[in-house]
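Structural features, examined
Now for the letters of each chain:
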Amino acid sequence: MFDQAQTQLATLRDLLRFAVSRFNEAQLFFGHGSDNAWDEAAYLLLHTLHLPLDRLEPFLDARLTSAERAGLLRIIERRISERLPVAYLTNEAWLGEYRFYVDQRVIVPRSFIAELLREQLAPWIDDPEAVGAVLDLCTGSACLSIIAAHAFPAARIDAVDISPDALAVARRNVEDYDLATRIRLVEGDLFAGLKQRRYDLIIANPPYVKASSMATLPDEYRREPELALASGEDGLDLTRAILAGAQKHLKANGLLVVEIGHNREELEAAFPTTPFTWLDTSAGDQYVFLLHRDELP
């Protein structure tokens, strides 16, 4: 099929239609930046051709060179045969207007906390300029640290991860944004390497996939580091550890913001007296909680 396509498909419109058909036929899973075959195919093809990602229409009927067509067919075939998230094929991921380098050493950036940071955590933080110290636990690619640095211009940020591979990717992103003087990368297990440091804000998007869900993950998620996904039988192992250690690392009026996936019901059952505030995100109010320091269990 791909050999025939080399001679029969002439324009970007042809290749786009072909990619959508093949992606749907292969029953790919979309959850790393897009949620359907059309959007993913359009992004993948425009990126590969070095065209503006927001300007598909002017180029749809442009004829492709044989080298361009071969390159597009190769990357379409890789997406299908290797079941790689598209971010690993392009080595980039986007959160809003922020672009990050990624590869298979790190989880593909996706977090509802990013959209809350772009709003400077209003109304929970009155004065973004007054935020002087931020801790980003399980930083991965450092995506949330970088967005936090823009949201809180006076803040110094400690970005912690247990994986040296993830921190190597994070370092590249921090340097790309020229933030090495404000973001300190720390290799360690949650709070272990932070001594007595205290913060105005702690954010965390930790692993939160429960064991039963890990066993049935789509192939695309299995291409990501398991260390960044799995969190025990009920998905709350890392969240429990964060709740246990956050108090001594928060300043008197400090805030903790944590993303927990689909585990709200389990979390509230495990901590029935803790007054979680559930923050509104584009997907609803069950994925990210906020606690003041004096509300921690």
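Keep in mind that this is a model prediction, so the values were computed, not measured.

Conventions adopted
- Residues numbered from 1 in each chain as written.
- Predicted model: local features only at pLDDT ≥ 70, side-chain atom pairs only at ≥ 80, totals over all residues.
- Heavy atoms only, no water.
- Pairing = 2+ DSSP bridges.
- Helix = DSSP H or I, 4+ residues; strand = E, 2+ residues; numbered from the N terminus.
- Contact = heavy atoms within 4.5 Å.
- Axes fitted to C-alpha atoms, helices over the stretch in contact; angles between N-to-C directions.
- Phe/Tyr/Trp six-rings, centres within 6.5 Å; stacked < 30°, edge-to-face > 60°.
- Buried < 20%, exposed > 50% of the residue type's maximum accessible area, 1.4 Å probe, protein only.
- Lys NZ or Arg CZ within 6 Å of the ring centre and 35° of its normal.
- Parallel < 35°, antiparallel > 145°, perpendicular 65-115°, else oblique.
- Left-handed = near helix turned anticlockwise from the far one by under 90°.
- Nonpolar A, V, L, I, M, F, W, Y, C, P; charged D, E, K, R; others polar.
- Polar contact = N/O pair within 3.5 Å; in protein donor to acceptor, adjacent residues only side chain to side chain.
- Right-handed = clockwise from strand over helix to strand, strands pointing away.
- Expected span 1.5 Å × (residues − 1).

1. Here we look at the sheet that holds strand β6 (residues 199–204)
Taken together, seven strands build an open sheet; the order of strands is β5-β4-β3-β6-β7-β9-β8 and the sheet is mixed. Two strands bound the open sheet, and with one partner strand each, they are β5 (183–187) and β8 (277–278). In this structure, strand β3 (residues 133–137) lies alongside strand β4 (residues 156–161), joined through five bridges in parallel fashion. In the sheet register, Leu-135 faces β4, and the bridge partner there is Asp-158. Strands β3, β4, β5 and β6 of the sheet are contacted by helix α7 (residues 143–151), whose axis makes an angle of about 170° with β4.

2. Let's talk about the packing of aromatic side chains
Counted by the stated rule, this structure contains eight aromatic pairs. Plain terms: the ring middles of Tyr-98 and Tyr-177 are 6.2 Å apart, the flat faces sit at 45° to each other, and that makes the pair tilted. With Tyr-98 in strand β2 (residues 98–100) and Tyr-177 in the loop between α8 (164–176) and β5, the pair connects residues that are 79 residues apart, well separated along the chain. Residue Tyr-98 is classed as buried on the basis of its relative accessible area of 11%. Both rings, one in Phe-271 and one in Phe-276, keep their centres 6.5 Å apart while their planes meet at 85°; by these two values the pair is edge-to-face. Here the aromatic residues Phe-271, Phe-276, Trp-278 and Phe-289 are joined through ring pairs into a cluster of three or more. Against the face of Phe-18 rests Arg-22, its NZ or CZ located 5.1 Å from the ring centre. Over the face of the ring belonging to Tyr-101 we find Arg-172, whose NZ or CZ atom lies 3.7 Å from the ring centre.

3. Some remarks on the packing of helix α3 (residues 37–48) against helix α4 (residues 66–81)
For the pair α3 and α4, the least separation of the axes is 10 Å and the interaxial angle reads 140°. The angle between α3 and α4 places the two elements in the oblique class. The handedness of the crossing between α3 and α4 is right-handed. Taking contact as the criterion, the partners of Glu-40, Leu-44, Leu-45 and Thr-48 in α3 are, on α4, Gly-71, Leu-72, Ile-75, Ile-76 and Arg-79. Considered class by class, the residues forming the contact of α3 with α4 number five nonpolar, two polar and two charged.

4. As for the side chain of Asp-158
Of note, Asp-158 is situated in strand β4. Reaching out from Asp-158, the side chain makes a polar contact with the side chain of Tyr-199 at a distance of 2.6 Å. Setting aside chain neighbours within four positions, we find Asp-158 in contact with Val-134, Leu-135, Asp-136, Arg-184, Leu-194, Arg-197 and Tyr-199.

5. Section: the pairing of β4
The buried fraction of β4 is high, at five of six residues. Once you follow β3 into α7 and on to β4, the crossover reads as right-handed. After leaving β4, the chain enters α8 and then returns to the sheet as β5, a path that is right-handed.

6. A look at α4
Helix length check: α4, at 16 residues, gives a terminal C-alpha distance of 22 Å against a target of 22 Å (1.5 Å per residue), a fit within 8%. Along α4, the positions that sit buried rather than exposed are Arg-69, Ala-70, Gly-71, Leu-72, Leu-73, Ile-75, Ile-76, Arg-79 and Ile-80. Following α4 by one or two positions, Arg-83 adopts a phi angle in the positive range, close to 55°.

7. Quick word on α3
Its 12 residues place the ends of α3 16 Å apart at the C-alpha level, agreeing with the 16 Å of an ideal helix rising 1.5 Å per residue. Among the residues making up α3, those that are buried are Ala-37, Glu-40, Ala-41, Ala-42, Tyr-43, Leu-44, Leu-45 and Leu-46. In this structure, the buried side of α3 is in contact with α2 (12–25), α4, α5 (86–90) and β1 (93–95). With a side-chain oxygen lying 3.2 Å from the backbone nitrogen of Trp-38, the N-terminal cap of α3 falls on Asn-36. Looking one or two places after α3, you find His-50, whose phi comes out positive at around 60°.

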